[in-house]
Amino acid sequence: MEETRKQNEKLLAVLLVIIAALFIAPVFVILMNSFKSQFYIVDTPFVFPTGETFVGLTNYLTGIEKIGFFSAFGYSLFITVFSVAAIVLFTSMLAWYLTRVKSKLNRVIYYLLVFSMIVPFQMVMFTMSKMANMLHLDNPVGIIVVYLGFGAGLSTFLFCGFIKAVPLEVEEAAYMDGCGPIRTFFSVVFPILKPTAITVAILNAMWIWNDYLLPYLLLGTKYKTIPIAVQYLKGGYGSIDWGAMMAMIILSIIPIIVFYLTCQKYIIKGIVDGAVKG
Amino acid sequence: MQKTLKKYFPVFALPTLICFMIAFLIPFVVGIYLSFTEFTTVTNSTWVGIDNYVKAFSNDEFVNAFWFTTKFAVVSVVTINVFAFAMALLLTRGLKGTNLFRTVFFMPNLIGGIVLAYIWQVIINGVLYYFQATLTLDAKYGFWGLVILMNWQLIGYMMIIYIAGIQNIPPELVEAAKVDGATPWQILKNVTIPMVMPSITICLFLTMTNSFKLFDQNLALTDGAPSKQTAMLALDIYKTFYGRVGWSGVGQAKAVMFFIIVAALAFLQLWLTRRKEQEN
């Protein structure tokens, strides 16, 4: 009995290793091809670079120059960090307000926010980008306003779910001690919300960092974020420099992997919490 | 405290609400209105009634996109959830290196749709090259390409949710079943699956809506080729808006229908979950 159990476990381990290899293989193939001359990629992507096809860092250098990778990285980082910060700050405040002040209007607001979660982007794509143009929000700062508005639904919903479970007594005590609502919120409520704040931050960061269509419609190719820059490589005539593409894919994956490996615990927790409550 | 807080509406609620109106509420309402008009800009529109809807329905591309999306969603939902659940079972057996495997399986989910699609474009074309074919030669290649890509991206995500669900099952329950002489298959069928039902509904819902709303991956992998046969609903709406002059009204009408489909799926889901909860 013990013998077969051990054997089974070994078999399972081998199976897992094979699946894991399948999951990593695509990225590995891209990495390998990023060092190959672009003429040897499309037809033979599974062949290792050899003396003839190896081009060193050429692809990286042309790619970085072609799409302005570092400025794209800068824009992506700027937009993601500030949008996420705005979302966490303002939706947690709104959620607290909506949960603590009971009124008909607040219930309507809450349901409108929940409703916005199920509306696909294409529904508001055209009108929203026109509106953003009219209000001059079509730049890396203005887009933060749009992200806050469009991300408000899920984030407020998650915060509300958590705040409902927070006992009122703590807040009342702070209030009795003479704290105004603003002090009460920032010194008492917000610290309690921290776990949910992390979940909200992770979910929104993953969305905004990888978002393509919304920034593309608002910013065009004037301020390229990483997804826009990668898509921009495709060009208008269907001819792609596949070498540069491979290199840029690798460069855009590296920050994600670094972020993932450092915050893995929070990301996994964020996914589970976000899914269960969403 | 409620009374004092109420006065702080401008501080606590207004920033988000203003942005919400700009980015969602007003565009949503105007969008519905515009679907009944012919327009080039938001301010220059003429009422045409349900004309746009009629045009959208008699538009082969839209009908084709609808069926393509539906087929894609069904196949993806089934494959992703079966694989994700199986892998979650494997990773909850307390084997060595479980955490490492979980890390690896989840990784693709963090890569954005555009980048993801280019990765797979190279790989799938590389394989098809041996058969003298390319991704855009036939719609079936594009279809299965999208399915593979979607599996690679979402299996890890769903697996994490399933793992959380399985770990929440009280161990006594499984022990009791074992003592009663249940086979592993019986335990799976009568203990594990009923206990993780909430996770299953969540995952079905997430994969379903994600598949229906897919855009980036579709744009970067096939861009609808050959001849718009692999364009899904979101991409078809985008192309109607920005690829065809004078069809913005039809694009908006398609978008409204798209919204109704997605909303109907969401409500169906909600209704099913509620009914289940009441039964228990």
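Residues numbered from 1 in each chain as written. Chains lettered and ligands numbered in written order. Predicted model: local features only at pLDDT ≥ 70, side-chain atom pairs only at ≥ 80, totals over all residues.

**Points about the overall build of chain B**
Counting secondary structure elements, chain B contains 14 helices and two strands. Projecting the C-alpha coordinates of chain B onto the three principal axes gives extents of approximately 75 × 75 × 35 Å. Considering chain B as a whole, with its 280 residues, one finds that 44% of them fall into the buried category. For chain B, the share of sequence-separated contacts (at least 6 apart) that also reach a separation of at least 24 residues comes to 72%. (Helix = DSSP H or I, 4+ residues; strand = E, 2+ residues; numbered from the N terminus. Buried ≥ 20, exposed ≤ 12 C-beta atoms within 10 Å, placed from the backbone. Contact = placed C-beta atoms within 7 Å.)

**What about the overall build of chain A?**
In terms of regular secondary structure, chain A is built from 13 helices and zero strands. Traced from its N-terminal end to its C-terminal end, chain A shows the element sequence α-α-α-α-α-α-α-α-α-α-α-α-α. In terms of overall dimensions, chain A is more spread out than a globule: its C-alpha atoms have a radius of gyration of 24 Å, far above the 19 Å expected for 278 residues. Projected onto the principal axes, the alpha-carbon positions of chain A cover approximately 75 × 70 × 35 Å. A buried classification covers 45% of the 278 residues belonging to chain A. Counting contacts in chain A only where the partners sit at least 6 residues apart, residues at least 24 apart contribute 74% of the total. (Rg over C-alpha atoms; globule rule 2.2 N^0.38 Å.)

**A few points about the packing of helix α6 (residues 142–163) of chain A against helix α9 (residues 194–210) of chain A**
Residue and element names in this part refer to chain A. Here α6 crosses α9 at 155°, and the two axes come no closer than 10 Å. In terms of axis orientation, α6 runs roughly antiparallel to α9. Viewed along their axes, α6 and α9 form a crossing whose handedness is right-handed. Only Thr196, Thr199, Val200, Leu203, Asn204 and Ile208 of α9 make contact with α6, whose side of the interface consists of Tyr147, Gly151, Leu154, Ser155, Leu158, Phe159 and Phe162. Among the residues making up the contact of α6 with α9, the classes are represented as eight nonpolar, five polar and no charged. (Axes fitted to C-alpha atoms, helices over the stretch in contact; angles between N-to-C directions. Parallel < 35°, antiparallel > 145°, perpendicular 65-115°, else oblique. Left-handed = near helix turned anticlockwise from the far one by under 90°. Nonpolar A, V, L, I, M, F, W, Y, C, P; charged D, E, K, R; others polar.)

**Description of the domain arrangement of chain A**
Taken as a whole, chain A is organised into domain 1 (2–56) and domain 2 (68–232). When each unit is reduced to the centre of its C-alpha atoms, the spacing between domain 1 of chain A and domain 2 of chain A is 39 Å. (Domains from an automatic or database assignment.)

**Focus on the domain arrangement of chain B**
All names here are of chain B. Each assigned domain of chain B is listed here: domain 1 (2–52) and domain 2 (59–279). Centre-to-centre separation of domain 1 and domain 2, based on C-alpha positions: 31 Å. Each partner contributes to the interface: domain 1 provides 10 residues, whereas domain 2 provides seven residues. Listing elements by their share of the side of domain 1 that touches domain 2, those giving two or more residues are α3 (14–34) and β1 (37–41). If one sorts the elements of the side of domain 1 that touches domain 2 by residue count, β1 sits on top with four residues. Residues belonging to the side of domain 1 that touches domain 2 are distributed by class as follows: four nonpolar, five polar and one charged.

**Thoughts on the interface of chain B and chain A**
Counting from both sides, the interface comprises 71 residues of chain B and, opposite them, 69 residues of chain A. The leading source of residues in the side of chain B that touches chain A is α3 of chain B, at 15 residues. Classifying every residue of the side of chain B that touches chain A gives 56 nonpolar, 12 polar and three charged.

**As for the nonpolar core**
Judged by nonpolar contacts, the single largest core of 164 residues is most densely connected at Ile249 of chain A together with Ala84, Tyr118, Met158, Met159 and Tyr162 of chain B. With residues up to four places along the chain from it excluded, the contact list for isoleucine 249 of chain A reads Ile30 and Val230 of chain A together with Val115, Tyr118 and Ile119 of chain B. (Core = buried A, V, L, I, M, F, W, Y, C linked by C-beta atoms within 7 Å.)

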